[in-house]
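Remarks on the overall topology
Below, each chain spelled out in residue letters.
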Amino acid sequence: MKIGTIDLSPPFALAPMAGMTDTAFRRLVKRRGGCGLVVTEMVSSEGLVRGIDRTLEYAEFTEEERPVSIQIFGGDPEKMAAAAQIVEGMGADIVDVNMGCPVPKIAKHNAGCSLMREPAHAADVVRAMARAVRIPVTVKMRAGWDADAINAPELARRVEDAGAAAVAVHGRTAAQSYSGVSDWDLIAHVAAQVGIPVFGSGDCIEASQIVERMNGGPVSGVLVGRGALRNPWIFEQATDLAAGRQPRTITHEERARFLLEYIDLLVSERVNEAHGFRHLAPTIESAGAAPAPARGRERWVINKLRALNAWYTKGIDNGSHLRVSINSAESIPQVRALIEDFFLTRSPAH
Ligand SMILES: Cc1cc2nc3c(=O)[nH]c(=O)nc-3n(C[C@H](O)[C@H](O)[C@H](O)COP(=O)(O)O)c2cc1C
């Protein structure tokens, strides 16, 4: 599948997830294969335009992640257009607009899923962006604001007219947040309404579900969020299944290595200096003030591990043991030892 001139092969993408799909995680997913596109965490258009360090860090990426889509949020067409230009200048392959975030902090600023309540304005945002950049502009939306306002098909048509190169639909309303199930019939309906590619999103936890969604409907691609946090090999497995091959079983050693490599990348992270960024972790801790002490950086890494493990341990027998023990760990060596002990020295029964 193609978005503009960008080839996505295979058409399975890592969904944007705030706090989770940082550059380290995205790289590790890419290295495991089968993932045709990665999307960053959502990035504030306001922060980009103002050049706020922390915002720029959320948008940073490495060459090995390509093709990369940077997702931005905001409600002001001019600022979104300016932010899209910044994203283009950073070398992103695609700029995506967040029209799905239900969190009040975002939605009250006329951004995220609030844009779905004003389809004409949402289209203005996309139009301004599409005029401002050469890279494809895409939109990620929900089914609608609530059950009485399911308007993804209408909004998809409007943003297509305004210049969007593709849309992704998470088939829940903002009011549902993550309850209920994603409505893939609605997603299929959207795909039937527009000429641009449509990604479906929601509830693909097993590799087989990705393949079923691709084969069973008119979507051009599938976005995988929580399923990839549980199982970063899900794309590789889906690719195998789609090709008629039996997917590989992931070993305990591989599962351990993923987490250990994640720690290594977070600890030693140097952001893309070609873009003029500085060292990642200290600025995240200190938010632009004096560099954070090593202790603060260690805490940041441990917190990232805790956040990932809330999902990663769900697909593993006795995973709660690892989750609980890491939640009370105080140092990186301790976290490493817990991971090694859990996966490598216990019986394979867990
Ligand atoms: C922790 C978390 C953070 C998310 N952050 C974003 C975000 O920044 N932007 C966005 O468009 N969607 C975000 N989403 C929604 C996902 O991209 C996806 O559409 C949703 O989780 C449904 O897909 P899934 O069932 O495969 O997880 C987030 C979801 C989760 C679980």
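Structure's up top.
Rules and cut-offs
Position numbers for residues start from 1 in each chain and track the written sequence from start to end. Confidence filtering applies because this is a predicted model: local features only for residues at pLDDT of at least 70, side-chain atom pairs given and counted only at 80 or more, and all residues used for totals across whole chains, interfaces and linings. To obtain the side-chain values, all non-hydrogen atoms of the structure were used and water was disregarded. Proximity criterion: a residue is near a molecule or strand once any of its heavy atoms comes within 4 Å of it. The term polar contact refers here to a pair of N or O atoms within 3.5 Å; inside protein, the definition further demands a hydrogen-donor-capable atom paired with an acceptor-capable atom, and it admits residues adjacent in sequence only when both atoms are side-chain atoms. To be clear on the numbers: accessible area is Shrake-Rupley with a 1.4 Å probe, and residue cover counts the displayed protein chains and nothing else. The residue classification treats Ala, Val, Leu, Ile, Met, Phe, Trp, Tyr, Cys and Pro as nonpolar and Asp, Glu, Lys and Arg as charged. All others, Gly included, are polar. To qualify as a nonpolar core, a set must consist of buried Ala, Val, Leu, Ile, Met, Phe, Trp, Tyr and Cys residues joined through side-chain atoms within 4.5 Å. Each residue's exposure class comes from its accessible area (1.4 Å probe, protein chains only) as a fraction of the maximum for that residue type: buried when under 20%, exposed when over 50%, partly exposed otherwise. A run of H or I in DSSP becomes a helix once it reaches four residues, and a run of E becomes a strand once it reaches two; helices and strands are each numbered from the N terminus. We call two residues contacting when some pair of their heavy atoms lies within 4.5 Å.

**Focus: the site of the ligand**
- Residues in contact with the ligand amount to 17 residues; listed here are only the nearest, Pro 16, Gln 71, Ser 201, Asp 203 and Arg 226.
- Contact distances for the ligand include 2.8 Å between an oxygen atom and a backbone N or O atom of Pro 16.
- Here an oxygen atom of the ligand and a side-chain polar atom of Arg 226 are 2.8 Å apart.
- Protein chains bury 90% of the 600 Å² of accessible surface belonging to the ligand in isolation.
- Across the shell around the ligand, the residue classes break down as 8 nonpolar, 6 polar and 3 charged.

**Considering the nonpolar core**
- Ile 72, Met 99, Met 141 and Ile 339 are the most contacted members of the largest nonpolar core, which has 97 residues in total.
- Among the elements that make up this core, the one with the highest residue count is helix α12 (residues 252-268) (8 residues).
- Grouped together as the second largest cluster of nonpolar side chains are 13 residues, Ile 3, Ala 13, Ala 166 and Ala 168 included.

**Looking at the environment of Gly 100**
- Here Gly 100 is to be found in the loop between β7 (94-99) and α5 (104-107).
- Gly 100 sits in the buried class, given a relative accessible area of 12%.
- A sequence separation of 232 residues divides Gly 100 from Ile 332, and the C-alpha atoms of the two residues are 35 Å apart.
- Those residues in contact with Gly 100 that lie beyond four places of it in its chain are Gly 112, Cys 113, Lys 140, Met 141 and Arg 142.

**A word on unusual backbone geometry**
- At the junction of Ser 9 and Pro 10, the peptide bond is cis and its omega measures out at -5° in the coordinates.
- Along the chain, Pro 10 falls in the loop between β2 (6-7) and β3 (12-14).
- The residue after Arg 66, namely Pro 67, is reached through a cis peptide bond having omega -5°.
- Looking at the element boundaries, Pro 67 is found in the loop between α3 (53-59) and β6 (68-73).
- The residue Ser 177 is not glycine, and still its phi comes out positive at about 55°.
- Looking at the secondary structure, you find Ser 177 in the loop between β9 (166-173) and α8 (184-193).
- Of note, Asp 203 is a non-glycine position whose phi angle comes to about 75°, a positive value.
- By the element assignment, Asp 203 lies in the loop between β10 (198-201) and α9 (207-216).

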